[in-house]
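What the coordinates show
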Amino acid sequence: MTGPNTTRRAAGGLGLTGLYLAGMVLIYVAERILFESTSVRLGLVGLGLLGIAAAIGGRVLRAKNLGPMAVPVERRLLTCYLVGLLALALYAAQADFVLERLRPLFTEAKSAERYGVILGALWPVLWICSAMPLVFIEISYAPMDPTRTVELKNIQRSTRSALILAMTICTAFALNYVVAEYNKKVDLSYFKTTHPSESTRKMLKNLSAPFRAVLFFPSSNEVREQARAYFEGLKAESSHFKLELTDHALDPGLAKELSVSDNGIVVLARGKQTHQINLGTTINQAKGKLKKLDSEFQTAFLKLATQQKVAYLTVGHEELTRDPRDDVQGSSIRDLRMVLEKLNYDLKDLGIGQGLASEIPKDATMVIIAGPRKEFLPAEVSALKNYLRGGGRVLFFLDPEGGWNGASLLNPFGLKFQPVRLSNDRYHARLTYTPADRHFVFSTAFSAHPSVSTLSRNAPRMASVFLGAGYLEEQPPTETNKTQVQFTVHSMPFTWDDLDNNHEYDAKTEKRKVYELAAAVTMKPVVPAPKKGAPEEHEMRLVVVADADVISDKVFRNPGNGYLLVDAMKWLGGEERFIGETTSEEDVRITHTRKEDQAWFYLTIFGMPALVLGCGIYYTRRRRKQ
């Protein structure tokens, strides 16, 4: 029951806490608001300290007079007073006049600063952790009669709640300080601009001539800030890279020089060569290009900063082309051609008419053989072998269902292709949900060879999918100069050679083991380099993949398949220093089989409405019963 005596006792406790907090306020006003007037400052601080001392003394007397029931609570309140006083002492210890007197005691100048920073961060934490419990305890303690009974559990709950709130506030302040100090921006929104990738940074590091990026945008534009963040990340990679921000209206001379007609355009320039990336000035216009800005920049950079190379694609043997093979959707290699253009390759056909039966063209950086079904003529094989012996580069894709196993070209260099389709009942891509899927094996087992460097670093997150692969074996080379064969992609465990193509493992005739799916072969040239000016010791490089469908449009957009080609191309082209992952925030397209589309259709049209209706009926009937 609450009576007059209880009210007086409660008022006495609240009065002491009020006096304590008033003393704190006076010190705050003196130190933070009226600090320029020394006399006023000292006077207010003295009054504040006097009030705090009076509150502490009053609290001690109160604990003695109220009896044993109130002692634990009074001690807790007194502890809050003392911790607050300790916070004031720490504040005084890090004050400028104290720090100046202590500075000679420190061996290093930075030590004094660290001392001040530590105390400057510690005293507010102590003060908040004392003041919050003090207020909470007083609120819980006020209705109680300390001479009769004290509900300690309520006091403890109030103390814990106050400490949790105080620590949360301190954590928020600390996080705010750290974020402000390091100035890091974390974007958790759906839309993200890509950032410079590892391969882009490598390109910039190898830059040997001035390269400019000029951004034409209005001064306050959201697309400008997004693009600026990307190019700012490149400035540290090379002193030759310069970033310029300008407005088309404010710098018409530069706009005319770079042939820019409006804002919203990024110009990349090397010497007199320029390349424009049109982003637009609104985020809706630029969203798609900002998500793949890294890829756009790499394409432009390679065109401006490197010499265009030539890749020859053999024709005349029913190889994969831009047109679907046998009218099967996805069996073309249009995506591969687009990637070659981005890598700054000029792709040309190479058949008998272009000299395949006599000599590989002098300007060839490499030759690509994409899944031939017909055997090469002996003269064509001879031209390719001579090209390799002279330090040539060949990228060779074979298929088990092809009509040529490439023995006449591969065997001299220590490789043999086995045209037997591999199967795996555990590690395979599910495309048709039938046993035939067991032929669509995938692999996350890569070596450390540069031609699969990106895949190796990202395994097992990234896998290469093979749509009916054979396998490779090493054998003694017949060339006089010794070749070095390194298998770069291995099959997953439990793979077997499906000799009868029935998708089932037959233990009597078939064998489960790890098979080799790709190989990289090197050799010192045995004949002078065919290219004019090429070094004599130009290394022969040959990459062989035991499946041609791995580069078909059906699976090429799978990152594991794309990097299998891109890294091999860079290694063959002597650009292994550029190997690395390209960043992209572009949405990945979700594809469904026809059966999956049917399932989604029926689920959305009938399934979900039926579920909602059923739940409604159940809820209504249950409510009526109640």
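Okay, so let's go over this structure. This structure is a prediction, so every number in the text was calculated from the model and none was measured.

Once that is clear, we can look at the overall build of the protein chain. The helix and strand tally for the protein chain stands at 17 helices and 19 strands. Against the globule reference of 25 Å for 626 residues, the protein chain gives a C-alpha radius of gyration of 38 Å, more extended than a compact globule. Per-residue burial for the protein chain yields a buried fraction of 45% across its 626 residues. Taken as a whole, the protein chain presents about 33400 Å² of accessible surface, with 57% of it coming from carbon and sulfur.

Turning next to the pairing of strand β18 (residues 516-523). By the criterion of burial, β18 is predominantly enclosed, with eight of the eight residues buried. In this sheet, β18 lies alongside strand β15 (residues 484-490) in antiparallel orientation, the contact comprising six bridges. Residue pairing in the sheet places His490 in a bridge with Glu516 of β18.

A few words now on the packing of aromatic side chains. A complete count under the given rule lists 15 aromatic pairs for this structure. Relative to Phe297, the ring of Phe231 has its centre 5.9 Å away and its plane inclined at 75 degrees; by these criteria the two rings are edge-to-face. In this pair, Phe231 sits in helix α8 (residues 222-235) while Phe297 sits in helix α11 (residues 293-305), placing the two residues 66 residues apart along the sequence. Across this residue pair, the class does not change: Phe231 and Phe297 are buried. For the pair Tyr471 and Tyr515, a centre-to-centre distance of 4.7 Å together with 55 degrees between the ring planes defines the contact as tilted.

Turning to a nonpolar patch on the surface, a few remarks are in order. Together, Phe601, Tyr602, Ile605 and Phe606 give the surface a local cluster of nonpolar side chains, amounting to about 440 Å² of exposed area. Tracing the backbone through its elements, the reader meets Phe606 in helix α17 (residues 594-625).

A word on the packing of α8 against α11. Two numbers describe how α8 lies on α11: the axes approach to 11 Å, and their chain directions differ by 55 degrees. Judged by the angle between their axes, α8 and α11 are oblique. As α8 runs across α11, the sense of the crossing is right-handed. For the pair α8 and α11, contact is made by Tyr230, Phe231 and Leu234 and by Leu293, Asp294 and Phe297, respectively. Here the contact of α8 with α11 is composed, by residue class, of five nonpolar, no polar and one charged.

Let us look at the sheet that holds strand β10 (residues 422-423). The strand order β10-β16-β17 describes an open sheet built from three strands, whose pairing is antiparallel. Lying at the two open borders of the sheet, with one neighbouring strand each, are β10 and β17 (512-513). Here β10 pairs with strand β16 (residues 495-497) via two bridges, running antiparallel. The partner of Ser423 across the bridge, within β16, is Trp496.

The pairing of strand β3 (residues 265-270) with strand β4 (residues 273-278) spans six bridges and is classified as antiparallel. When the bridges of β4 are listed, Leu268 appears paired with His275. Between β3 and the antiparallel strand that follows it, β4, lie two residues; Gly271 among them carries a positive phi value of about 65 degrees.

Turning next to the sheet that holds strand β2 (residues 241-246). The strand order β2-β1-β3-β4 describes an open sheet built from four strands, whose pairing is mixed. Every other strand in the sheet has two partners, leaving β2 and β4 as the edge strands with one partner each. Taken pair by pair, the neighbouring strands of this sheet meet at an average axis angle of 15 degrees, ignoring direction. Taken strand by strand, α11 contacts β1 (211-216), β2, β3 and β4, and its axis lies near 165 degrees from that of β4.

Take Leu340: it is sitting in helix α12 (residues 334-342). Between the alpha carbons of Leu340 and Asn154 there is a distance of 73 Å; along the sequence they are 186 residues apart. Among residues more than four places away in sequence, those in contact with Leu340 are Tyr345, Leu347, Ile368 and Met569.

The description of two helices packed together rests on the angle between their axes and the distance between the axes. Where α8 meets helix α10 (residues 283-291), the axes come as close as 9 Å, and the angle between the chain directions of the two elements is 20 degrees. Put simply, α8 runs roughly parallel to α10. Helix-helix and strand crossings are classified by hand; for α8 and α10 the assignment is left-handed. For the pair α8 and α10, contact is made by Glu222, Val223, Gln226 and Ala227 and by Ile283, Ala286 and Leu290, respectively. Of the residues belonging to the contact of α8 with α10, the class tally is five nonpolar, one polar and one charged.

Within the largest apolar cluster, 72 residues are counted, with the highest numbers of intra-cluster contacts made by Phe231, Phe241, Leu268, Phe297 and Ile551. Per-element accounting of this core gives the leading share, eight residues, to helix α16 (residues 559-572). The contacts of Ile551, once residues within four sequence positions are left out, are Leu320, Ser332, Ile333, Leu336, Ala370, Phe397, Phe556 and Leu565.

Here we take up unusual backbone geometry. The backbone of Asp326 shows a phi angle near 55 degrees, a positive value even though the residue is not glycine. Judged by relative accessible area, Asp326 falls into the exposed class, the value being 53%.

Criteria and thresholds
- Residues numbered from 1 in each chain as written.
- Predicted model: local features only at pLDDT ≥ 70, side-chain atom pairs only at ≥ 80, totals over all residues.
- Heavy atoms only, no water.
- Helix = DSSP H or I, 4+ residues; strand = E, 2+ residues; numbered from the N terminus.
- Rg over C-alpha atoms; globule rule 2.2 N^0.38 Å.
- Buried < 20%, exposed > 50% of the residue type's maximum accessible area, 1.4 Å probe, protein only.
- Areas by Shrake-Rupley, 256 points an atom, 1.4 Å probe, with all protein chains shown as cover.
- Pairing = 2+ DSSP bridges.
- Phe/Tyr/Trp six-rings, centres within 6.5 Å; stacked < 30°, edge-to-face > 60°.
- Patch = residues over 30% accessible without salt bridge, like charges linked within 9 Å, V, L, I, M, F, W, Y side chains within 5 Å.
- Salt bridge = Lys/Arg side-chain N within 4 Å of Asp/Glu carboxyl O.
- Axes fitted to C-alpha atoms, helices over the stretch in contact; angles between N-to-C directions.
- Parallel < 35°, antiparallel > 145°, perpendicular 65-115°, else oblique.
- Left-handed = near helix turned anticlockwise from the far one by under 90°.
- Contact = heavy atoms within 4.5 Å.
- Nonpolar A, V, L, I, M, F, W, Y, C, P; charged D, E, K, R; others polar.
- Core = buried A, V, L, I, M, F, W, Y, C linked by side-chain atoms within 4.5 Å.

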